[in-house]
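Coordinate inspection notes
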Amino acid sequence: MKGKIARSIAAVAVGSLLAVVSGGVAAASVLDNGKGSSSTEAAGAQVLELRDELTKVAYAGDVQATQRALDDLDPLLTDLAAGQRYEIQADAMETAGTAGQWRTETSDVLSGKAEPRQVPPVPGLPELPDPLSMITGLLQSLLTLLTDLISSLLGGAVPELPVPEVPAP
């Protein structure tokens with residue numbers, strides 16, 4: 001009987017501790033006399049959401065939705081690369097800058113402002129369907145960079161890309 005009571009108290013204590021820690025991680029920190037700085041975890045969650053949306057629409061072959069998803073990434077990657085709004089490490093800032101460059105190039109190719117260049121596809125990711133096959137390497141490299149950035153921002157395991165099953169030829 002005493003063992004059950006002790007386990008119940010321990011479970012409640014651990015649950016309370018986890019709730020407090022989780023709440024602290026999710027809260028944005030306020031710095032610079034109230035100007036504010038968003039937390040790294042919040043930025044990582046936002047990049048994860050945008051990466052997953054980009055993956056979903058690109059592998060569906062929807063060019064307009066892919067362009068919109070790339071446009072949605074632009075302000076966040078710009079902020080992360082600048083390192084002023086988010087407090088992140090230098091390597092994460094560099095990754096965000098590189099991802100921003102790939103995002104811009106991919107967007108320019110889709111809008112017809114630039115010619116696609118051949119970039120080798122990323123091993124492990126299936127080819128994109130037509131009409132996005134011309135930018136497979138660019139888009140796959142961007143998705144890989146975004147995954148690396150999420151790993152830097154969240155400091156650990158990153159959910160896999162939501163790539164649909166591709167039928168075998």
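The structure we're discussing is the one just above.
Now for a quick tour of the structure.

Parameters and conventions
Residues numbered from 1 in each chain as written. Predicted model: local features only at pLDDT ≥ 70, side-chain atom pairs only at ≥ 80, totals over all residues. Heavy atoms only, no water. Helix = DSSP H or I, 4+ residues; strand = E, 2+ residues; numbered from the N terminus. Contact = heavy atoms within 4.5 Å. Areas by Shrake-Rupley, 256 points an atom, 1.4 Å probe, with all protein chains shown as cover. Axes fitted to C-alpha atoms, helices over the stretch in contact; angles between N-to-C directions. Parallel < 35°, antiparallel > 145°, perpendicular 65-115°, else oblique. Left-handed = near helix turned anticlockwise from the far one by under 90°. Nonpolar A, V, L, I, M, F, W, Y, C, P; charged D, E, K, R; others polar. Salt bridge = Lys/Arg side-chain N within 4 Å of Asp/Glu carboxyl O. Buried < 20%, exposed > 50% of the residue type's maximum accessible area, 1.4 Å probe, protein only.

Attention shifts here to the overall build of the protein. Counting secondary structure elements, the protein contains 5 helices and 0 strands. When the helices and strands of the protein are listed from N to C terminus, the series reads α-α-α-α-α. The contacts of the protein with a sequence gap of at least 6 include a subset with a gap of at least 24, amounting to 64%. Carbon and sulfur atoms make up 57% of the accessible area of the protein, which totals about 9900 Å².

This part is about unusual backbone geometry. A cis amide bond links Asp 130 to the next residue, Pro 131, at an omega of 5°. Relative to the helices and strands, Pro 131 resides in the loop between helix H4 (90-111) and helix H5 (136-154).

To continue, consider the side chain of Ser 107. Along the chain, Ser 107 turns up in helix H4. Apart from residues no more than four positions distant in its own chain, Ser 107 is found in contact with Gln 67, Leu 70 and Asp 71.

The next thing to look at is the packing of helix H2 (residues 40-59) against helix H3 (residues 63-82). Any two packed helices are characterised by the angle at which their axes cross and by the distance between the axes. Viewed as axis vectors pointing N to C, H2 and H3 meet at an angle of 160°, and their least axial separation amounts to 9 Å. Put simply, H2 runs roughly antiparallel to H3. In the packing of H2 onto H3, the handedness of the crossing is left-handed. Two secondary-structure elements touch here, H2 through Ala 43, Gln 46, Val 47, Leu 50, Glu 53, Leu 54, Val 57 and Ala 58 and H3 through Ala 65, Thr 66, Ala 69, Leu 70, Asp 72, Leu 73, Leu 76 and Leu 80. Class assignment of the residues belonging to the contact of H2 with H3 gives a composition of 12 nonpolar, 2 polar and 2 charged.

Before going further, it helps to examine the pattern of salt bridges. Under the defined criterion, the tally for this structure stands at 6 salt bridges. Between Arg 103 and Asp 71 there is a salt bridge whose closest N-O contact spans 3.8 Å. Here the residue Arg 103 occupies a position in helix H4, and Asp 71 occupies one in helix H3, the gap between them amounting to 32 residues. A salt bridge links Asp 74 to Arg 103; its shortest N-O distance comes to 3.5 Å.

Take Thr 78: it is sitting in helix H3. Thr 78 sits in the partly exposed class, given a relative accessible area of 45%. With 23 residues separating them in the primary sequence, Thr 78 and Gln 101 have C-alpha atoms 9.7 Å apart.

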